[in-house]
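# Chain and residue survey
In case you want the letters, here they are:
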Amino acid sequence: MIREIVKDQEFLQQPSSPATPDDREAGQDLLDTLIAHKDHCAGLAANMIGVPKTILAVVFRNKFLLMYNPVITGHSEASFEAMEGCLSLPGERPVKRYEQIEVEYLDADFRKKRRVFTGLTAQAVQHEMDHFTGKLI
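The text that follows walks through the structure, step by step, so that each part is easy to find. Just so you know, these numbers come straight off a predicted model, no measurement behind them. (Residues numbered from 1 in each chain as written. Predicted model: local features only at pLDDT ≥ 70, side-chain atom pairs only at ≥ 80, totals over all residues. Heavy atoms only, no water.)

### Considerations on the pairing of strand β3 (residues 63-75)
Working note: regular strand, side chains alternate between the two faces of the sheet. As defined by bridge partners, strand β2 (residues 55-60) adjoins β3 across six bridges and the pair is classed as antiparallel. From the neighbouring strand, Ile 55 faces β3, where its bridge partner is Tyr 68. The antiparallel hairpin formed by β2 and β3 contains two residues in its connecting segment, where Arg 61 sits at a positive phi of about 55 degrees. Sheet topology note: the β3/strand β6 (residues 100-106) ladder contains five bridges and is antiparallel. Within β6, the position partnered with Val 71 by the bridge is Glu 104. (Pairing = 2+ DSSP bridges. Helix = DSSP H or I, 4+ residues; strand = E, 2+ residues; numbered from the N terminus.)

Have a look at this one:
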């Protein structure tokens, strides 16, 4: 189900709690909502659809990837400054991002995965993971 994007900053600044297999419906809603916004969005965090859980969805290699409880386990020394926007907030803001990150996460079947991301996908994953701690750009 496509959900409305949350714009309430007080809600968005609350930390997310770990996802469980009971959150699969929220994960599917997150994917559906990202697909609906794919023309202008590279990723979404679950709190952006009103679910304060550590779930994110990103565009990866022209497909959509769902991650439960992702954790960045490594990153490049190289970083860059970017201007980022967010569907939940107006405008753009400067941020620092790593060029490459390694992430451990649970896939849609709650199987443990590890993957390296670069480019826009790495940037989107870092952005969405900021949402888990209530950090807004």
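Now, onward.
### Topic: the pattern of salt bridges
Taken as a whole, this structure holds 10 salt bridges when the rule is applied. A salt bridge links Glu 84 to Arg 97, with the nearest nitrogen and oxygen atoms 2.9 Å apart. Of this pair, Glu 84 sits in strand β4 (residues 79-86) while Arg 97 sits in strand β5 (residues 89-98), and the two are 13 residues apart along the sequence. Each member of the pair, Glu 84 together with Arg 97, is buried. Between Glu 104 and Arg 114 there is a salt bridge, with the nearest N and O atoms lying 1.8 Å from each other. Here Arg 114 lies in strand β7 (residues 112-118) and Glu 104 lies in strand β6, a separation of 10 residues in the sequence. On the accessibility criterion, Arg 114 (52% relative accessible area) is exposed. Each of Glu 84, Arg 97, Asp 130 and Lys 135 takes part in a single network of salt bridges with overlapping partners. (Salt bridge = Lys/Arg side-chain N within 4 Å of Asp/Glu carboxyl O. Buried < 20%, exposed > 50% of the residue type's maximum accessible area, 1.4 Å probe, protein only.)

### Notes on the nonpolar core
Note on soluble globular proteins: their nonpolar side chains tend to be buried together. Grouped together as the largest cluster of nonpolar side chains are 40 residues, with contacts concentrated most on Leu 30, Ile 55, Met 67, Phe 117 and Val 125. For this core, the elements supplying multiple residues, two or more each, are α2 (24-36), β1 (43-45), β2, β3, β4, β5, β6 and α3 (119-132). Leaving out residues up to four positions away in the same chain, Val 125 has contacts with Leu 56, Val 58, Met 67, Ile 101, Val 103 and Phe 117. (Core = buried A, V, L, I, M, F, W, Y, C linked by side-chain atoms within 4.5 Å. Contact = heavy atoms within 4.5 Å.)

### Points about the state of the cysteines
Enumeration according to the criterion identifies zero disulfides in this entry. With no disulfide of its own, Cys 41 has Cys 86 as its nearest cysteine by sulfur position, at a separation of 7.9 Å. Among the residues examined, Cys 41 registers a relative accessible area of 12% and is labelled buried. Assessed through its relative accessible area of 12%, Cys 86 is described here as buried. (Disulfide = S-S within 2.5 Å.)

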